[in-house]
Amino acid sequence: MAAESMFNQPVCVQVRCQGCEERRVNVRVNIELLSISNPIHKKDLAVRLTDDTDPFFLYNLVISEEDFQSLKSQQGLLVDFSAFPQKFIDLLQQCIQEQNKDIPRFLLQLVSSASVLDHTPVSLNVVETNPFKHLTHLSLKFLPGNDAEIKKFLASCLKCLKEDKMMLEEKLRKTEEDLTRQLSYTQQSLSDKSRELDKLKSEWTTYTTALTNKHTQELTSEKERALQAQAQYQQQHEQQKKELENLHQKSIQQLQNRLSELEVINKDLTERRYKGDSTVRELKAKLSGVEDECQRAKQEVLSLRRENTTLDAECHEKEKLINQLQTRVAVLEQEIKDKDQLVVRTKEVLDATQEQKVILEESTEKKQSHIEKLEMTIKSLSAELLKANEIIKKLQGDLKTLMSKLKLKNTVTIQQEKLLAEKEEKLQKEQRELQEMGQSLRTKEQEVCKLQEKLETTIQKLEESKQLLKTNENVITWLNKQLNETQMAKKLEPSAGTHGGGRTAASPHGMPDRPSFPCSGISHTVSPLYAYQGFPEAAHKQHVDSQCTVPKIQFNAQLSKMTRCSDVQTVAATGHPANKENGDNLGLDSKYFKKKDDSIPLRGLSQNTLSSEYLKPYLSKAQPSPKATATPASAYFPG
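Reading the values: the criteria
- Residues numbered from 1 in each chain as written.
- Predicted model: local features only at pLDDT ≥ 70, side-chain atom pairs only at ≥ 80, totals over all residues.
- Heavy atoms only, no water.
- Helix = DSSP H or I, 4+ residues; strand = E, 2+ residues; numbered from the N terminus.
- Buried < 20%, exposed > 50% of the residue type's maximum accessible area, 1.4 Å probe, protein only.
- Contact = heavy atoms within 4.5 Å.
- Areas by Shrake-Rupley, 256 points an atom, 1.4 Å probe, with all protein chains shown as cover.
- 1 Å grid on protein atoms, 1.4 Å probe; cavity = no way out; pocket = protein on both sides within 12 Å on 5 of 7 lines; lining within 4 Å.
- Points joined across faces, edges and corners; volume = space filled by probe spheres on them.
- Salt bridge = Lys/Arg side-chain N within 4 Å of Asp/Glu carboxyl O.
- Expected span 1.5 Å × (residues − 1).
- Phe/Tyr/Trp six-rings, centres within 6.5 Å; stacked < 30°, edge-to-face > 60°.
- Disulfide = S-S within 2.5 Å.
- Core = buried A, V, L, I, M, F, W, Y, C linked by side-chain atoms within 4.5 Å.
- Patch = residues over 30% accessible without salt bridge, like charges linked within 9 Å, V, L, I, M, F, W, Y side chains within 5 Å.
- pLDDT = per-residue confidence, 0-100.

(A) A look at the overall build of the protein chain. Assigned secondary structure in the protein chain consists of eight helices and seven strands. Looking at the protein chain as a whole, 26% of its 639 residues are labelled buried. Nonlocal contacts in the protein chain, meaning residues at least 24 apart in sequence, comprise 65% of its contacts between residues at least 6 apart. Taken as a whole, the protein chain presents about 46,100 Å² of accessible surface, with 54% of it coming from carbon and sulfur.

So this is what it looks like as structure tokens:
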């Protein structure tokens, strides 16, 4: 069951109880859409009323589609179940917008039939007020929550509070770390500034002491000079005083003469003074105007000085910003250097992967040459084994498809390498492209691993087909041996008939009827001991026409070495000279039984594919009918 939260906000609700005054309470309304898919996919609307101040205040309402149909018919609703939650939320939004007004147009009413809201069903009404009447748009009946629901709600609230607490603790821890870091930084800067201040104080004290010493020396020298000059000036003053007294007397006489003249001039000057006073008044008035202008200029100078101080402060702040930006530029340059180093490393990794790819291509070429050699050996064997030729062609077709797939994948890898080269050029601009290159490199490595796995699987299949070819060769050798034994038995029967008086018992080395092979193939490898099992029809089928020509099969020494058995050794010892004397060679040549290291086993020739069709010529040789005049030639064993 999945829950989709659609609305979760506190709303001002008007509570109306029986026999109580109306009051307003802030109630949190939570609307969720529950989707249930088991056993039938359906949706329910869950509405929950809670109070943030009272945790035990809980009222629930679950409306299914069937309940909504009855509600729609009762209250005359015009919306469907799918549009009902959004319309209900729109009504709640309108109530939230109108709740701060004195006379709200839309309001929520929580009506209870009891005197107190205490575990009794209530109805939530969405009411629109107008001067004529109160119009109820929607009325929903809520049931109080039982103990289990209240516990579940309290548990969810506790969980949310714990999550908030964890988030706040994490934020507090981070802020504490930041503040401690800033405090340490400020303390360090304060210690540096205090050191600089002490250094400046020490320099200032040394400078002031040096200046005071220098000034005291200059003052003493100046005092001595002043005393010497004072003595000289006193002597000169006395001489000048005598001279001045003489001159003074002369000047008095002259002045008395001049006084009379000056009195006359004084009269003229008084007249001029009056004129000058008038001019002075005019100049004073002009001076007052000039002083006012000077004061204005001083005020302007003060305002300009204030502006200058503000501009100095702004300039200092801008210098600080410049220093911060310079440090940031240095950090960014360091990051660029680190990214360049990462680019160099990724290029080295790409070179290593390219070297591995070249090594893998060389190994694939070697394996292709080895496969070509194996194909040549298969072609040489296909002339000797006609039925196996079709399977070899199928194997060659599979190998060609594998080679075409390898070529296609090589072309894909070359294209991807071109894309990698283009992305390496863009690596200096964006870091995301570097990640994409890493991802493409991983995909290439996965493709190389897949190719290696495919090569290993092909090698395993080749080994399995090799083993199957060995088993088929063993079956052919066993059949050849059985043919030799049947021929020997046919040669020994006439002599046994003359000496033993028509013995009909089967020789221990005779060839009884073999069990017929079903068309679907043999499910296990045919054992040579199967031929020695006795059947009831053995005595009847050993009578062979004396006039039929008996083919002679050469029994090779190499074949006897491969399939040694205690019972067969006696027959091989007696049959070998007879075959040499006859000189017939109707069996397989020894070159077919030689083990070749470079040969490819036949793929698809399992132990179950040896059907009765392949063994019919051998069964016909082992069990000749009385009407037959000669044994039919086999596709594998030309007569």
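(B) Layout of empty space enclosed by the protein. Taken as a whole and assessed by the stated rule, the structure comprises three cavities of 30 Å³ or more. Approximately 80 Å³ is the volume attributed to the largest cavity. Residue lining of the largest cavity: Cys-12, Val-13, Gln-14, Arg-24, Cys-95, Glu-98, Gln-99, Pro-104, Phe-106, Leu-107 and Leu-108, and that is the complete set.

(C) Broad picture of the side chain of Thr-50. Inspection of the secondary structure puts Thr-50 in strand S3 (residues 42-50). Ignoring anything within four residues of it in the chain, the contact list for Thr-50 reads Val-27, Arg-28, Phe-57, Leu-58 and Phe-153.

(D) Quick peek at the pattern of salt bridges. Enumeration according to the criterion identifies 13 salt bridges in this entry. For the salt bridge of Glu-169 with Lys-165, the shortest nitrogen-to-oxygen distance reads 2.5 Å. A residue pair is termed a helical-turn pair when its members lie 3 or 4 positions apart in one helix, as Glu-169 and Lys-165 do in helix H3 (residues 147-384) at four residues. By relative accessible area, Lys-165 is classed as partly exposed at 47%. Salt bridges sharing partners connect three or more residues here, namely Glu-170, Arg-173 and Glu-177.

(E) Quick look at helix H2 (residues 84-98). For H2, spanning 15 residues, the distance from its first C-alpha to its last is 21 Å, which sits close to the expected 21 Å at 1.5 Å a residue. Those residues of H2 that fall on the buried side of the exposure criterion are Phe-84, Pro-85, Phe-88, Ile-89, Leu-91, Leu-92, Cys-95, Ile-96 and Glu-98.

(F) Focus on the packing of aromatic side chains. The tally for this structure, following the rule as stated, stands at five aromatic pairs. With centroids separated by 5.2 Å and ring planes inclined at 65°, the aromatic side chains of Phe-57 and Tyr-59 adopt a geometry described as edge-to-face. Here the two residues Phe-57 and Tyr-59 agree in accessibility, since each one is buried. Their ring planes at 40° and their centres at 6.1 Å tell us that Trp-204 and Tyr-207 sit as a pair that is tilted.

(G) Region of the structure containing the state of the cysteines. One pass over the full model with this rule turns up zero disulfides. We note that Cys-95 lacks a disulfide partner, and the nearest cysteine sulfur, in Cys-12, lies 9.9 Å from it. Overall, Cys-95 belongs to the buried group, its relative accessible area being 3%.

(H) Examining the nonpolar core more closely. Residues Ile-31, Leu-49, Phe-88 and Phe-142 are the most contacted members of the largest nonpolar core, which totals 37 residues. Non-local contacts of Ile-31, meaning those with residues more than four positions away in its chain, are made with Glu-4, Ser-5, Met-6, Phe-7, Leu-45, Ala-46, Val-47, Phe-88, Ile-89 and Leu-92. Ranked by size, the runner-up nonpolar core spans seven residues in total, among them Ile-371, Ile-378, Leu-395 and Leu-399.

(I) A look at a nonpolar patch on the surface. Residues Leu-259, Leu-262, Ile-265 and Leu-269 make up a contiguous nonpolar surface patch of about 320 Å² in total accessible area. Within the fold, Leu-259 resides in helix H3.

(J) A look at the side chain of Lys-357. Mapped onto the elements, Lys-357 comes out in helix H3. A relative accessible area of 16% places Lys-357 in the buried class. With residues up to four places along the chain from it excluded, the contact list for Lys-357 reads Thr-413, Ile-414 and Glu-417.

(K) Layout of the confidence of the model for the protein chain. Taken over all residues, the pLDDT of the protein chain has a mean of 77, while the share at 70 or more is 75%. Within the model, pLDDT remains below 50 along residues 499-588, and this stretch shows 142 contacts once partners closer than five positions in the same chain are excluded. Low pLDDT (under 50) marks residues 595-639, which in the prediction has 110 contacts with non-local residues, meaning those over four places away or in another chain.

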